[in-house]
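Examining the three-dimensional arrangement
The primary structure of each chain is shown beneath.
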Amino acid sequence: MNSISILFSGRGSNAHNIIDNIIQKKLKFNIKNIICNNKNSPAIETFSKKNIFVDVLNSNDYRNNENFNNDLLKKLDPQNGDLLLLCGFMKKIPANIIKSYNGNVINIHPSILPKYKGLDTHSKVIKNGDSFHGCTTHFVTEDIDCGPIIAQYIIKVNSDDNEKSIADRLLIFEHKLYYNTLELIQCNILKYQDKKIYYNDKILVKPIIYND
Ligand code: GAR
């Protein structure tokens, strides 16, 4: 069984969903660490009420990213076969941490990458009158929201959608997408080696697409 470490910064709903699925034994991973870099995250209390321990490594207490990343790496203590999951973790993961996981660091992003990297994806979708929105899981590289894409959930934007309604609807699909991605890894269907994604032992040439 792979061990996973989870990093989050804010609301923590993706982290929560993964942890719940592990508790319910739908996902068979061993949880090694749950780390939050923001001591004000409301999710810390939510988790604590469920007796789920969150290690708080408050990045604002650090003078620089280098010191924060050194402490983060010490806490993570990556071993062969471990996975690192970013669940709304709003800090860049440095190359040495990615390397120490042999690249097995996964992120979820609320857009159909490569469209709309970075922040404010929902407002961009609404402002630009896009017909579709979505979310993406991808392996993490040094460039934010740029690594090899695993899978995407694509949903239709309704004519009466606004920034909040589309974000709320998409979040449900984010949870499904992270679950689906982890399930593929758990079943050994999906692997990442030498910066390439393998699906059933063949190189994945385009993202796995789910529709609502
Ligand atoms: C999610 O929408 C996730 O896709 C996004 O942050 C939110 C965290 O929500 N991540 C990124 O934008 C990464 N570039 P959550 O804390 O409820 O999981």
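This section reports on the structure supplied with the text. Each chain carries its own residue numbering, running from 1 in the written order of its sequence. Owing to the predicted nature of the model, reporting of local features is limited to residues with pLDDT of at least 70; listing and counting of side-chain atom pairs is limited to 80 or more, with chain, interface and lining totals taken over all residues. Side-chain numbers come from the whole structure's heavy atoms, not from hydrogens or water.

1. Some points on the environment of H109
To be explicit about the condition: Helix and strand definitions follow DSSP, with helices as H or I runs of at least four residues and strands as E runs of at least two, each counted in order from the N terminus. Any two residues whose heavy atoms approach within 4.5 Å at even a single point are treated as in contact. In protein, a polar contact means a hydrogen-donor-capable atom and an acceptor-capable atom, both N or O and within 3.5 Å, with residues adjacent in sequence counting only if both atoms are side-chain atoms; elsewhere, any N or O pair within 3.5 Å suffices.
Of note, H109 is situated in strand β5 (residues 105–109). Between the C-alpha atoms of H109 and R11, which are 98 residues apart in sequence, the distance is 14 Å. Dropping the residues within four chain positions of it, H109 is found in contact with Y116, K117, G118, T121, G134, C135, T136 and D145. Separated by 2.8 Å, the side chain of H109 and the backbone oxygen of Y116 make a polar contact. A polar contact of 3.4 Å, which involves the side chain of H109, links it to the side chain of D145.

2. Considerations on the site of the ligand
The test is simple: A molecule or strand has a residue near it when one of that residue's heavy atoms lies within 4 Å. Residue burial considers only the protein chains on display, and all accessible areas are found by Shrake-Rupley using a 1.4 Å probe. Residues are sorted three ways: Asp, Glu, Lys and Arg are charged, Ala, Val, Leu, Ile, Met, Phe, Trp, Tyr, Cys and Pro are nonpolar, and all the rest, Gly among them, are polar.
Every residue lining the ligand is accounted for by R11, G12, S13, N14, G88, M90, N107, I108, H109, P110, D145 and E174. Contacts to the ligand include I108, whose backbone N or O atom sits 3.4 Å from a nitrogen atom. In this structure, D145 approaches the ligand through a side-chain N or O atom, which is 3.1 Å from a nitrogen atom. Within the complex, 89% of the 450 Å² of free accessible area of the ligand lies under protein. Looking at the shell around the ligand, the elements that each hand over two or more residues are α1 (13–23) and β5. Broken down by element, the residue count for the shell around the ligand peaks at three residues, all from β5. Of the residues contributing to the shell around the ligand, the split by class is three nonpolar, six polar and three charged.

3. Here's the deal with the sheet that holds β5
We apply this condition: For two strands to count as paired, DSSP must find a minimum of two bridges between them. Helix axes use the C-alpha atoms of the stretch in contact, all axes being lines fitted to C-alpha atoms, and the angles between their N-to-C directions lie in the range 0 to 180 degrees.
Spatially, eight strands are ordered β3-β2-β1-β4-β5-β6-β7-β11 in an open sheet, and the strand pairing comes out mixed. Both edges of this open sheet fall to β3 (55–56) and β11 (208–211), since each of them pairs with a single strand only. Both strand β4 (residues 83–86) and β5 contribute to a ladder of three bridges, which runs parallel. Across the sheet, residue L84 finds its bridge partner in β5, namely V105. Lying on the sheet, α1 is in contact with β1 (3–8), β2 (30–36), β4 and β5; it crosses β1 at an angle near 155°.

4. As for the packing of α1 against helix α6 (residues 163–186)
The following threshold applies: These descriptions rest on fixed angle ranges, namely under 35 degrees for roughly parallel, over 145 for roughly antiparallel, 65 to 115 for roughly perpendicular, and the rest for oblique. If you view the pair so one helix is near and one far, a crossing is left-handed when the near helix is turned anticlockwise from the far one by less than a right angle, and right-handed when it is turned clockwise.
Two numbers describe how α1 lies on α6: the axes approach to 10 Å, and their chain directions differ by 45°. By the angle between their axes, α1 is oblique relative to α6. The chirality of how α1 crosses α6 is right-handed. Taken together, the residues of α6 that come into contact with α1 (itself represented by S13, N14, N17, I18 and N21) are L171, E174, H175, Y178, Y179 and L182.

5. What to know about helix α3 (residues 65–76)
As a reminder, the rule being used: For a helix, the expected span equals 1.5 Å multiplied by the residue count minus one. Think of it in three bands: with a 1.4 Å probe and only protein chains considered, a residue is buried below 20% of the maximum accessible area for its type, exposed above 50%, and partly exposed in between. Relevant arc is that of directions from the helix axis to the C-beta atoms, nothing else.
Counted at 1.5 Å a residue, the expected span for α3 with its 12 residues is 16 Å, and the 16 Å between its end C-alpha atoms agrees. Considered for burial, the residues of α3 that qualify are F68, N69, L72 and L76. Looking straight down α3, one finds that the buried residues subtend no more than 95° of arc, so they occupy a single side. Facing away from the buried surface of α3 by more than 90 degrees, the exposed residues are E66 and K74. Buried-residue contacts for α3 involve β1, β2, β4 and α4 (95–100). Measuring from the side-chain oxygen of the N-cap residue of α3 to the backbone nitrogen of E66 gives 3.2 Å; that N-cap residue is N64. Immediately downstream of α3, the backbone of D77 shows phi near 45°, a positive value.

6. Digging into the packing of aromatic side chains
Spelled out, the test is: Aromatic pairs are defined between Phe, Tyr and Trp rings, using the six-membered ring for Trp, whenever the two ring centres lie within 6.5 Å; interplanar angles under 30 degrees are classed as stacked, those over 60 as edge-to-face, and all others as tilted. As a reminder, the over-ring test applies to NZ of lysine and CZ of arginine, requiring each to be within 6 Å of the ring centre and within 35 degrees of the ring normal.
According to the stated counting rule, one finds five aromatic pairs in the structure shown. Seen in terms of ring centroids, F8 and F47 are 5.7 Å apart; in terms of plane orientation they differ by 65°. Their pairing is edge-to-face. Of this pair, F8 sits in strand β1 while F47 is found in helix α2 (residues 43–49), placing the two residues 39 residues apart along the sequence. With 5.5 Å between their ring centres and 80° between their planes, Y62 and F68 make a pair best called edge-to-face. Assessed through its relative accessible area of 22%, Y62 is described here as partly exposed. Residue classification places F68 among the buried positions, given a relative accessible area of 1%. Chaining the aromatic ring pairs together yields one cluster made of Y153, F173 and Y210. Across the ring face of F68, the terminal group of K91 is positioned such that the distance to the ring centre comes to 5.3 Å.

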